[in-house]
Amino acid sequence: MSDPFFQPVSGFDLPRFAGIPTFMRLPHVGLDHPRLRDVDIGIIGVPWDSGTTNRPGPRHGPRQLRDASTMIRAQHPTLGVRPFEKVSCADLGDVGPNPADIQDSMDRITDFYNAVMNAGILPLTAGGDHLTSLPVLRSVARDGALGMVHFDSHTDLYHSYFDGTMYTHGTPFRRAVEEGLLDPHRVVQIGIRGTQYDSEDMDFAKAVGIRIITIDEFHDRGVADVMEEARDIVGQKPTYVSYDIDFVDPTFAPGTGTPEVGGPNSYQALQVVRGLKGIDIVGADLVEVSPPFDPSGGTAFLGVSIMFELLCQMVPSF
Ligand code: MN
Ligand code: MN
């Protein structure tokens, strides 16, 4: 039932530009809060971009996403669901990374998520660059390999960068498959496009059974058909959802480090999440929002709008 403590502050009670901007105006419940175990879905910031190989900035993502998220209201416009009344949601705060040490940061992230998992909370993450997903998966997939629906312009399946560097935002899902965190036969990557270094990532995907739906196929078939296939691929078993904001066309989401033209519009960006309905989502993330490249704030607003869609799909039995 609806718990008053976990209700977001309404714009009817306090104007949206006032107050401390927690995610979606929810209560802040840190890992040491007495009500931690009452949280069903926790929104977590990971202000970390040490895996970025080109234009940085997602370390500033969680703060700008929190600010933009004060625009989010309580009810979904077309689905009608009021997620904050169905489950208890809270802002769990930020993982404190070590911007000078990738391995230490990954350990800190996994430790934080282990505490979240131990409290029985479904995590919804605001990144951070895409390497963030790897230490999160090390915790969320600790009981066995997960399926994954991955929205992105890029596969993030490369072996290494810079002559042997294994941990970048272009390699997280290669590592996740190698570490047994993902079942490649239950992974689908949607929206892949842009000029490529070579075919190494695509060859790896093919070799292990990952399904890639390129942007050409996406536009040819349309959202409903593509998402029906995505649901078939991941099936009814536990599944992670990873959403790189660069999936969306840079007209709508310019505030990101590695934009690629020819992508979905902002409406399709929301529609694909609605297409996740019925999937057993055990965690989700929205990554690669880079505020220094987002002077209008529009990318962050799209980002939190996608996060609200993800949150609605994470509500059990909805
Ligand atoms: Mn990515
Ligand atoms: Mn990308």
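Below is a summary of the structure that appears in this document. All figures in this text were calculated on a predicted structure; none of them were measured in a lab.

Rules used in this analysis
Counting restarts for each chain, with residues numbered from 1 along the sequence as it is written. As a convention, the first chain written is A and the first ligand written is 1, with the rest following in written order. Local features are withheld for residues below a pLDDT of 70 in this predicted model, meaning they are given only at 70 or higher, and side-chain atom pairs are given and counted only at 80 or more; totals for whole chains, interfaces and linings count all residues. Hydrogens are left out, water is left out, and the side-chain values use all remaining heavy atoms of the structure. Coordination shells were defined by N, O and S atoms within 2.8 Å of each metal, extended to 3.2 Å for Na, K and Ca; water is absent from the atom set, which can make sites look incomplete. Relative accessible area decides the class of each residue, using a 1.4 Å probe on protein chains only: under 20% of the type maximum gives buried, over 50% gives exposed, and in between gives partly exposed. Put simply, DSSP H or I for four residues or longer makes a helix, DSSP E for two residues or longer makes a strand, and each gets a number counted from the N terminus. For two strands to be treated as a pair, DSSP must find at least two bridges joining them. Whether a crossover is right-handed comes down to one check: with the strands pointing away from the viewer, does the path from the first strand over the helix to the second run clockwise; if it does, it is right-handed. The salt bridge definition used is simple: a Lys or Arg side-chain nitrogen within 4 Å of an Asp or Glu carboxyl oxygen.

**Regarding the coordination of the manganese ion (ligand 1)**
Around a metal, the ideal angle is 109.5 degrees if four donors adopt a tetrahedral arrangement and 90 or 180 degrees if six donors adopt an octahedral arrangement.
So, step 1. Protein ligation of the manganese ion (ligand 1) involves His 130 (ND1), Asp 152 (OD), Asp 156 (OD) and Asp 244 (OD), the donor distances falling in the range 2.1 to 2.2 Å.
So, step 2. The distance between the manganese ion (ligand 1) and the manganese ion (ligand 2) comes to 3.2 Å, with Asp 152 serving as a donor to both metals.
So, step 3. The exposure class of Asp 152 is buried, given its relative accessible area of 0%.

**Digging into the coordination of the manganese ion (ligand 2)**
So, step 1. Those protein atoms acting as donors to the manganese ion (ligand 2) are Asp 152 (OD), His 154 (ND1), Asp 244 (OD), Asp 246 (OD) and Asp 246 (OD), and they sit at 2.0 to 2.5 Å.
So, step 2. On the basis of relative accessible area, Asp 244 is assigned to the buried category, the value being 2%.

**Points about the pairing of strand 8 (residues 281-287)**
So, step 1. By the criterion of burial, strand 8 is predominantly enclosed, with 7 of the 7 residues buried.
So, step 2. Where strand 3 (residues 122-127) lies against strand 8, 3 bridges are found, and the strand directions are parallel. The residue bridging Ala 126 from the neighbouring strand is Leu 286, located in strand 8.
So, step 3. Strand direction decides the pairing type here: strand 7 (residues 239-244) and strand 8, joined by 6 bridges, are parallel. The residue of strand 8 that forms the bridge with Tyr 240 is Gly 283.
So, step 4. Once you follow strand 7 into helix 9 (residues 266-274) and on to strand 8, the crossover reads as right-handed.

**What about the pattern of salt bridges?**
So, step 1. Tallying each qualifying case throughout the model produces 17 salt bridges.
So, step 2. The partner of Asp 94 in a salt bridge is Arg 66, with the nearest N and O atoms 2.9 Å apart. Of this pair, Asp 94 sits in strand 2 (residues 89-94) while Arg 66 is found in helix 1 (residues 61-68), placing the two residues 28 residues apart along the sequence.
So, step 3. Among the ionic pairs, Arg 175 bridges to Glu 178, the shortest N-O distance being 2.8 Å. Remark: Glu 178 and Arg 175 occur in helix 5 (residues 172-178); sequence separation between them is 3 residues, near one turn of the helix.
So, step 4. Its relative accessible area of 45% is what places Glu 178 among the partly exposed residues.
So, step 5. Each of Arg 211, Glu 217, Arg 221, Asp 225 and Glu 229 takes part in a single network of salt bridges with overlapping partners.

None of this, on its own, says anything about what the molecule does.
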